[in-house]
Amino acid sequence: MDPGGENITGEMLRAAREAAGLSLSALAARTHYSKPMLGMLETGQRQIHPEHVRAYADALGVGSALFIEPADGERAAAEWVQRAAASDIGGDTLERLELAVDDLAASYPTTPPGELLVRIRQHLGYAGRLMDSRKTLTQHRRLLVTVGWLSLLASTCHIDLGEASAAAARGHLAWKLADEAGHREIAAWCLETRAWQQLTDGAFSEAAELSRAAQTIAPEGSSAFIQATAQEGRALARLGDGVGTYGALRRVARLVSGLSVPDRPEHHFRYDPAKSDAYVATTLAWLGDPAAEPYARHVLADLAGAASVRPRRIASANLDLGLALVASDKPDEAADMALAAVASGYLVPSNYWRVSEVVSGIEGRGAPDAAVVREAFRDTYRT
């Protein structure tokens with residue numbers, strides 16, 4: 001290594017960093033230099049001094065073998081090929097971890113969020129240990145993507161539990177990892193998930209804006225793109241924007257018209273065309289459209305006849321029908337639907353407000369059953 005750093009170029013610094021499988025952000029975390037400063041060194045915008053060279057060599061862990069004289073180029077190339085291929089991670093380790101993440105995402109509709117979080121944390125701990133080991137560039141990116149999905153799923157569970165701070169922290173991590181790995185779909189899901197959180201908090205304009213932002217970065221026709229479009233429609237329904245709502249519903253219908261059922265339709269991050277009618281029912285109910293009632297009845301009938309039971313989706317469909325029945329001035333039947341949703345035990349904190357909305361509508365029409373639903377809700381979800 002040139003101790004004075006006179007013969008060291010920015011291109012050499014960048015090549016050494018990339019061969020070691022580190023991003024600028026990761027290198028910044030290992031040195032006392034900022035990411036912008038390191039970027040300027042590598043692009044020749046700042047003069048390279050000996051302390052910069054030492055920082056790179058120490059951070060990359062390659063000592064004096066990092067920068068060598070041109071005459072030794074052949075040996076250097078061989079050393080870097082060996083280094084780039086070196087890994088402590090076994091051949092199928094990452095594949096097994098990726099499959100486990102898919103299993104977790106597929107368990108989301110039927111597993112209480114608190115239980116799912118325990119399993120997610122266990123896998124994050126294992127992924128963290130892998131991240132600290134030697135790995136190839138390809139393995140490094142696969143780990144970033146895997147941890148991104150895990151963090152995003154954890155954020156969704158925290159939203160369901162009403163844990164806003166934890167949800168924001170996990171979501172921010174997923175966003176940063178998606179940026180680092182250049183993974184547009186995870187990034188789009190981050191925005192869509194944030195939109196859902198804003199929607200449950202009553203920030204409808206913010207939810208619509210986040211949904212549109214998700215559509216701009218999601219791969220065209222991807223699950224994230226379809227879900228974000230549907231989410232925009234629900235936010236616009238809450239804002240009373242009928243034209244925008246129907247426009248979003250038509251776009252979703254076009255997107256799913258030729259869509260085949262995924263191999264694991266229960267997977268949270270794979271759009272299942274069967275969800276489409278359920279989203280239409282919710283959206284129309286929130287808009288106050290009379291068509292919401294027959295749609296919601298159709299969704300419940302389909303769910304009852306489905307081969308696999310999806311209790312959380314059934315509970316949501318009952319609330320959709322309950323709200324539609326309130327709008328149709330059928331408070332007694334609306335109370336029955338709300339009671340069925342409550343008694344299922346499958347509602348999560350992020351959906352509690354929907355029960356209150358239906359019950360308030362029943363009370364507004366003078367139906368005595370509203371008190372029964374409220375009491376059942378307190379008994380079932382008193383924790």
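The paragraphs below set out a description of the structure included in this document. The structure displayed is predicted, hence computed values, not measured ones.

Now for the environment of lysine 176. Inspection of the secondary structure assignment puts lysine 176 in helix 9 (residues 164-181). Assessed through its relative accessible area of 45%, lysine 176 is described here as partly exposed. Lysine 176 sits 152 residues away from leucine 24 along the chain, and the two C-alpha atoms are 13 Å apart.

Before going further, it helps to examine the packing of helix 7 (residues 113-131) against helix 8 (residues 137-160). What describes two packed helices is the angle between their axes and the distance between those same axes. The geometry of helix 7 relative to helix 8 is characterised by a closest axis approach of 10 Å and an angle of 160° between their N-to-C directions. The orientation of helix 7 relative to helix 8 falls into the category roughly antiparallel. Once helix 7 is placed against helix 8, the crossing between them reads as left-handed. Residues Pro113, Leu116, Leu117, Ile120, Arg121, His123, Leu124, Ala127, Leu130 and Met131 of helix 7 pack against His140, Leu143, Leu144, Val147, Leu150, Ser151, Leu153, Ala154, Cys157, His158 and Asp160 of helix 8. Here the residues of the contact of helix 7 with helix 8 are counted per class, giving 15 nonpolar, four polar and two charged.

We now examine helix 16 (residues 311-327). End to end, helix 16 covers 25 Å across 17 residues, agreeing with the expected 24 Å (1.5 Å per residue, within 8%). By the criterion of burial, helix 16 is predominantly enclosed, with 15 of the 17 residues buried. One or two steps after helix 16, the chain reaches aspartate 329, where phi turns positive at roughly 60°.

The backbone phi angle of aspartate 329 is positive, close to 60°, even though this residue is not glycine. Looking at where aspartate 329 falls in the secondary structure, it is placed in the loop between helix 16 and helix 17 (331-344).

All told, the structure shown has seven aromatic pairs when counted by the stated rule. Ring centres of tyrosine 352 and tyrosine 381 lie 5.3 Å apart, and the angle between their planes is 55°; this geometry places the pair in the tilted category. Of the two residues, tyrosine 352 is situated in helix 18 (residues 352-364) and tyrosine 381 in the segment after helix 19 (369-380); the sequence distance between them amounts to 29 residues. Plain terms: the ring middles of phenylalanine 377 and tyrosine 381 are 5.2 Å apart, the flat faces sit at 40° to each other, and that makes the pair tilted. Taken together, the aromatic side chains of Trp149, Trp189 and Phe269 make up a single cluster linked through ring pairs. Stacked on the ring of tryptophan 286, the Lys or Arg arginine 238 has its end atom at 4.4 Å from the ring centre. Sitting over the face of the ring of tyrosine 108, arginine 312 holds its NZ or CZ atom 4.6 Å from the ring centroid.

Basis of the calculations
Residues numbered from 1 in each chain as written. Predicted model: local features only at pLDDT ≥ 70, side-chain atom pairs only at ≥ 80, totals over all residues. Heavy atoms only, no water. Helix = DSSP H or I, 4+ residues; strand = E, 2+ residues; numbered from the N terminus. Buried < 20%, exposed > 50% of the residue type's maximum accessible area, 1.4 Å probe, protein only. Axes fitted to C-alpha atoms, helices over the stretch in contact; angles between N-to-C directions. Parallel < 35°, antiparallel > 145°, perpendicular 65-115°, else oblique. Left-handed = near helix turned anticlockwise from the far one by under 90°. Contact = heavy atoms within 4.5 Å. Nonpolar A, V, L, I, M, F, W, Y, C, P; charged D, E, K, R; others polar. Expected span 1.5 Å × (residues − 1). Phe/Tyr/Trp six-rings, centres within 6.5 Å; stacked < 30°, edge-to-face > 60°. Lys NZ or Arg CZ within 6 Å of the ring centre and 35° of its normal.

By themselves, these observations are geometric and do not establish any function.
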